[in-house]
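Coordinate analysis (summary)
Residues per chain are reported as follows:
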Amino acid sequence: MEPPKRVAPDAGNMPDWEDRPGLSPEEFMASDTTKPDLSEMWECPLTRWDPEGINVVEAQRECKKQPSCPLEIRASDSDNAKGAEYFVQNRENIQKELLEHGAIWFRGFDLMKGVKGHRSFYEALALDPCLDPLHSSGLRKFASERDALYEEVNKPSLRGHYIGLHSESTAKRTAAYAAFVCFQKATEGGGRFLVADGAAILAEMDTKILQKLYDRKIRISVSNLDIPPSLPGFMKDGIKDAVSVAVAPKFDMDLEMIYESDGKPGRLQAVETAESPINRHPVTGLPVWFNNAHNHARKLRDRRPCGVPEVGMTEVFYADTMEPLSLEDCNEIKRASEKHITALSMEPGDVLLVDNYRALHGRDVFGGDRFHAVSWFTWNNEEWRGDERRILEKNAFNKAINQMMDWLPKDFESDQS
């Protein structure tokens, strides 16, 4: 059987590049050592779920009324002259507009062209950093640990991998906000940062399919381990137990180890608990499309550029039967999602500030070298934030997986072993 043809996904809006200059790596990576070390940041807060009793038709009607996402704020000469003070003076209005639009693209600001200025930016907005909810996944490492700044997915081995729309979220943990910053755009083209409004996607989707997904819920597998299917049952059970005890807890997710859910003999998958694809926003109460199906559905990954090894491949199942989503449903998710993608032409100093419960994000393929980074933020509400600080023991596993990913060839493709 012929594998499906891989086609680059669409985007509803693609702003032009402006080719604004940036700093050298030595300059943009410099940290302000006079500021406190933030490496013992807050743990990523627990996911705030409120999906029960949603009327899908009414939710779609309400979502159609929402303003466009992202809002673009372009710096003037006087704005740039103010530096961080611009964000102090406009903090309350920025917070209000973020809640209304779901994301704000700060464009043409000189302040955020380096690590120092990026930190000054989020401190001026009184944002409190936290860990990535998948800190141990290995797909991100710190760009500047003391500044609570992660490197985005810039690894050479993953530059040919299209990252679909997702919230930085698991069934267990979700960051409240994010600030994605560009220090260096891709040197050989591509690398657009993708953003889409979860409200617009929900309003766009076929009502019958949306209702079906809401009624049946979804489960997401986050990893595959292929073992010889001929192994006797007791050995399979031993491997399953060993993975459950030794590996799954490192990811700080509620995972169930299940054999052959996708029909592949001998495949052991780490599967999250059931979750609703629709969730009410914790602050506004607006029901939005809040899930990672566009990124994680195997039928979509197999039909677009993909550079993830099999162990990192994912799948999305109907929670009630553990069958993978149908191609029809995947294609509707693709259509509704990609119609509302804005593929940002982020230049050095640009920041996309994201409400992680409202807007979804991703990244297109790129050539050459690229350096984007991201800081995650928790709630300023102490009850929602919790009192957990960073668990330093997680870091060894994080570093080990990052080293493994760095060993992959620069043009790795997912159909390689």
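Up top is the structure.
Read on for an overview of the structure.

Thresholds applied
- Throughout this description, residue numbers start from 1 for each chain and increase along the sequence as written.
- Per-residue local features of the predicted model are confined to residues with pLDDT of at least 70, and side-chain atom pairs are confined, for both listing and counting, to 80 or more; whole-chain, interface and lining totals are unaffected and use all residues.
- Heavy atoms from the whole structure form the basis of all side-chain values; hydrogens and water molecules are not counted.
- Put simply, DSSP marks the helices as runs of H or I at least four residues long and the strands as runs of E at least two long, and each gets a number from the N terminus on.
- For each residue, the accessible area found with a 1.4 Å probe, counting protein chains only, is set against the maximum for its type, and the residue is called buried under 20%, exposed over 50%, and partly exposed in between.
- In what follows, a contact means two residues having at least one pair of non-hydrogen atoms within 4.5 Å.
- It is the directions from the helix axis to the C-beta atoms whose arc is reported.
- A 3.5 Å cut-off defines polar contacts: any pair of N or O atoms within that distance qualifies, except that in protein one atom must be a possible hydrogen donor and the other a possible acceptor, and neighbouring residues in sequence count only when both atoms are side-chain atoms.
- Strands are labelled as partners when DSSP assigns at least two bridges between them.

Tracing the backbone shows D262 in the loop between β10 (255–259) and β11 (267–272). Relative accessible area serves as the criterion here: at 25%, D262 is assigned to the partly exposed category. Spatially, the C-alpha atom of D262 lies 20 Å from that of T170, the residues being 92 residues apart in sequence. For D262, the residues in contact, after removing those within four places along its chain, are R267, Q269, F317 and P324.

Turning to helix α2 (residues 56–63), its buried residues number three or more, namely V56, A59, Q60 and C63. An end-on view of α2 places all buried positions within 100° of arc, on one side of the element. If you follow the buried residues of α2, they end up packed against α7 (198–204), α8 (207–216), β12 (278–280) and β13 (287–289). For α2, the N-terminal capping position is held by N55, with its side-chain oxygen 3.1 Å away from the main-chain nitrogen of V57.

Another aspect to go through is the pairing of strand β1 (residues 71–74). Side chains of β1 alternate between two faces, with L71 and I73 buried and E72 and R74 left unburied. In terms of strand pairing, β1 meets strand β2 (residues 103–107) through 4 bridges, oriented parallel. Within β2, the residue paired with I73 across the bridge is F106.

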